[in-house]
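Fold and contact review
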Amino acid sequence: MADTGKEEVDVGNEVNDPPEWGEDATKGMKNGGKQMESPVKEKSLGLMKTFRASLKAVSPMTLKNKRSENTDSDQSQISNSQLQLPSSPSLSRGSPSQSSFQSPKAEKASLTRTKSDAAVGITGTLTKRGTSFRQSLGLSSKKHKQEPLQPVTEDTFSSKEQRSDSVKSIARVLELRDTYTLPEIPPLPLSVMEINKLIEMEALEEAYVNLLSLSLELQREHQALDQEDCPIELVHKEKDLSLLYGTLRNKMSIIVRNSSALPLPNKELLVYVAQIILEEEKRQGEPGAMPGWREAWRDAVRDGVRDALKKVQLDSREQNASWLAVHLGLLGKAVVEDLERVKTELLSSYPADFKVFETYVSCHHEAVGEHLKRLLEKVTELKDYHALLDFIIHRYPSEKIMGSCSLQPELKEDQRVLPLDKDFLNMIKVKYCSRLQADMRTSLDRIIQLENKEMWTEKRKPNIDEGIYSSHIDMDIWTNIKGHAQGSRRIDVNLEQKVVRSCLEELKTFPKRFESAFVEWSSPLSNSSLWTEYHISYINSFSALKEHMESFKDSCPIPLELVRREIDGLTTKLSQSVLEHFKTDVKPFLRRQMTGKWFSLDEDFSQLIERTKNLSEKTKYMSPKPKQVFVNEAHIFVVKEYVSQLMKNNYSCKNRKNETAATKIANQWEELKEIFQEMNSTSEWLHPVGDQLSKIIGCRKSDVKHNLQPLVENYPDFRRSHLSAVLYFRGIIRGRERHIILQRLAELKESIGNAGNKEHALFNQIQAAVNTDCLPGTTFSCLSFIMPNS
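Structural notes, computed from the coordinates. (Residues numbered from 1 in each chain as written. Predicted model: local features only at pLDDT ≥ 70, side-chain atom pairs only at ≥ 80, totals over all residues. Heavy atoms only, no water.)

Some points on the nonpolar core
Formed by 101 residues in total, the largest nonpolar core has its most connected members in Ile 477, Leu 507, Phe 510, Phe 514, Val 689 and Phe 729. Ranked by residue count, the leading element in this core is helix α21 (residues 557–590), at eleven residues. Leaving out residues up to four positions away in the same chain, Leu 507 has contacts with Leu 444, Ile 477, Ile 481, Leu 545, Met 549 and Val 563. Counting 70 residues, the second-largest nonpolar core is a separate cluster that includes Leu 198, Tyr 245, Leu 324 and Leu 372. (Core = buried A, V, L, I, M, F, W, Y, C linked by side-chain atoms within 4.5 Å. Buried < 20%, exposed > 50% of the residue type's maximum accessible area, 1.4 Å probe, protein only. Helix = DSSP H or I, 4+ residues; strand = E, 2+ residues; numbered from the N terminus. Contact = heavy atoms within 4.5 Å.)

Let's talk about the packing of aromatic side chains
Under the defined criterion, the tally for this structure stands at 29 aromatic pairs. Seen from their ring centres, Trp 685 and Tyr 715 are 6.3 Å apart, and the 45 degrees between their planes marks the pair as tilted. Residue Trp 685 is located in the loop between α25 (657–678) and α26 (687–698), and its partner Tyr 715 is located in the loop between α28 (708–714) and α29 (720–730); the two are separated by 30 residues in the primary sequence. With a relative accessible area of 0%, Tyr 715 lands in the buried category. Three or more aromatic residues link up through ring pairs in this structure, and these residues are Trp 456, Phe 510, Phe 514, Phe 518, Trp 521, Tyr 534, Tyr 538 and Phe 542. Geometry around Trp 293 places Arg 249 over its ring, the cationic atom sitting 4.7 Å from the centre. Lying across the ring of Trp 598, Lys 664 places its NZ or CZ 5.1 Å from the centre. (Phe/Tyr/Trp six-rings, centres within 6.5 Å; stacked < 30°, edge-to-face > 60°. Lys NZ or Arg CZ within 6 Å of the ring centre and 35° of its normal.)

Some thoughts on the environment of Ala 300
Here Ala 300 lies in helix α12 (residues 293–310). According to the relative accessible area criterion, Ala 300 is buried, its value standing at 3%. Aside from chain neighbours lying at most four places away, what touches Ala 300 is Ser 253, Val 256 and Arg 257.

Section: the packing of α26 against α29
At a minimum axis separation of 9 Å, α26 and α29 run at an interaxial angle of 50 degrees. Classed by the angle they form, the pair α26 and α29 counts as oblique. Crossing geometry of α26 relative to α29 is assigned as right-handed. Counting all contacts with α26, which are made through Leu 693, Ile 696 and Ile 697, the residues of α29 involved are Val 726, Phe 729 and Arg 730. (Axes fitted to C-alpha atoms, helices over the stretch in contact; angles between N-to-C directions. Parallel < 35°, antiparallel > 145°, perpendicular 65-115°, else oblique. Left-handed = near helix turned anticlockwise from the far one by under 90°.)

A few points about helix α19 (residues 510–522)
With 13 residues, α19 extends 18 Å from end C-alpha to end C-alpha; this agrees with the ideal 18 Å at 1.5 Å per step. Taken as a whole, α19 has its buried residues at Phe 510, Pro 511, Arg 513, Phe 514, Glu 515, Phe 518, Trp 521 and Ser 522. (Expected span 1.5 Å × (residues − 1).)

Remarks on the packing of helix α10 (residues 232–257) against α21
Packed helices, taken two at a time, are described by the angle between their axes plus the distance between the axes. Between α10 and α21, the least distance of the axes is 9 Å, while the angle of their chain directions is 115 degrees. With respect to their mutual orientation, α10 and α21 come out roughly perpendicular. The hand of the α10/α21 crossing is left-handed. The segment α10 lies against α21, with Lys 239, Ser 242, Leu 243, Leu 244, Gly 246, Thr 247 and Arg 249 engaging Ile 558, Glu 561, Leu 562, Arg 564 and Arg 565.

This is the structure in structure tokens:
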């Protein structure tokens, strides 16, 4: 039998080699545009020519039925070409290009990064949208050749200095792990943006205790409210907390996934990862606690192992007749080296109950099993079948791989055998999702390029759709993701969820990329009306995109929360840019109020009214939800700045001019109030302040003290310094009457105490000028400076 087997192997070497493993996958790397000629993709392109135009008239269920009818006939093509996957319905502006698989060289480079995985950017020529045919981006025609793995030699680890540093690093990690205690939770958490920044900077410990602080703060606020009362601010805070937890988990997964590539001193990060997981498992069952931390950790470990095995060199049949035997030898070597690193470098970072080594062994079994089943599809010759069987049955559990003495005694006898399962679709799903994510990034990049070419460069005004400014961005993105989801559903329901998750993961980074491109283009146009119109258009479009994405909240809640947060961040920045532009525009006119010129002329106030009305006209084209927030912020800014002019001691009324000034303030206040009422501002609590101040200014000196109570009750942050400034404008600069009025304010604040409305914090944002007029003989005026509540 031995002779016969040898003879068969020798004969096998003379037979033509079978097609290269991965040949289908690498076809797409040549003439990338040809991938779009597959029957499935041609059908997808045909479907999408009218997809977006009819979207509003057709329900999602109708789209689903149409998509399934058009794709049923293509099932056979997909099964015959598992690595050349079909395209989902593309953007309305054109089909997204089918990007090539990431080259092994690029993949190798990405696995060594500790911050984040870089996506492949593909650019190309763009054509105008409309009725013209959209050409796909051309892909590189260069075939990438995988770099051979460098052999690991004993000389690499022979340095005594490196060995000493390694021992010290491991000892330091062990000490940190064994003595670690969670820092004290701060009484007040950092802001959402600051916590997110800490996560991005991998300051996991500080970010986590601030998340716990934010969670406690949210619980206290819930307890302080009525059961049915839940203000929008609290809802936003809940969303922010959920988004931050998702961001933290995602960052921890990236760290675990790339842990083998981390420099040895950075292994301390894994200590914090493990402690956070343990703390979160203790919190299971508490309100707002996020489940599945241990499972997410294992998923990250498994993904890291897969990444490592993907780097193993695989020659084509033309390059090496013994391609599979060589590849399996390198694969076994890679498994041993990876598990050795786990044993020597990673075990010290985790508590014993994590069962780190067992987990890594199990993940290697799973990853190797999937890898071998993909190889099995390419095996056609006897020698290759033999090599595969020998690897599975003998070499893998032998002393050369899993039975290696370097892995003992951690690796148990019953763990040496490779437990092959019957389902090998998971690897295909991973490839499918990876490809979709690359395509998604390309499509999103093309959206920015098309917007630049067709809108920004030509300076076209935004379209008005249903009474608001709009762009096609939200519909393009939504139809693209929806098309990918429908295309994957016919394969597997679970695959659809993974596809959507991958798309959302890529979409998460899009708002920042869009913002960067838009700001770079729009900065020179900040003084034009078109600048404001574009901002409002994109506020509306991204707000609509967030609503479209709600259809995925049941299948992918965590990735969706991350996308929501990024979209909210972009719309907030766009809104703040418009608001800051308005502030800059009207501040000069606001600052000339309550002066001598203001007393006799209305020019500055007229300019203020004109610009505020212009803003009001623009906000009519803003969608309702972002408009409400924007209008309220603009309202409080104008009120604060107008009232601030009374506090600067720029003018003092004499000879009964206070009555004229009070009348003018009341009339101007009424105009401002009407404008913001027309804009549907919900900050009604700001309305009384102007009338109450004008009443104090216009009344007799003896009546001022009687008009203080409503002002103090409505605005408990109104202080002695504010009243002193109002009295200065009124013309009461010194004397006994001024002292009596200030004393009355102190009595009111003491009697009201905490009864005032604390939410109406207006005067805390207003700084009052200090009245330094103190002449001989005016004892009460001088003594007033040492009175409390000043």
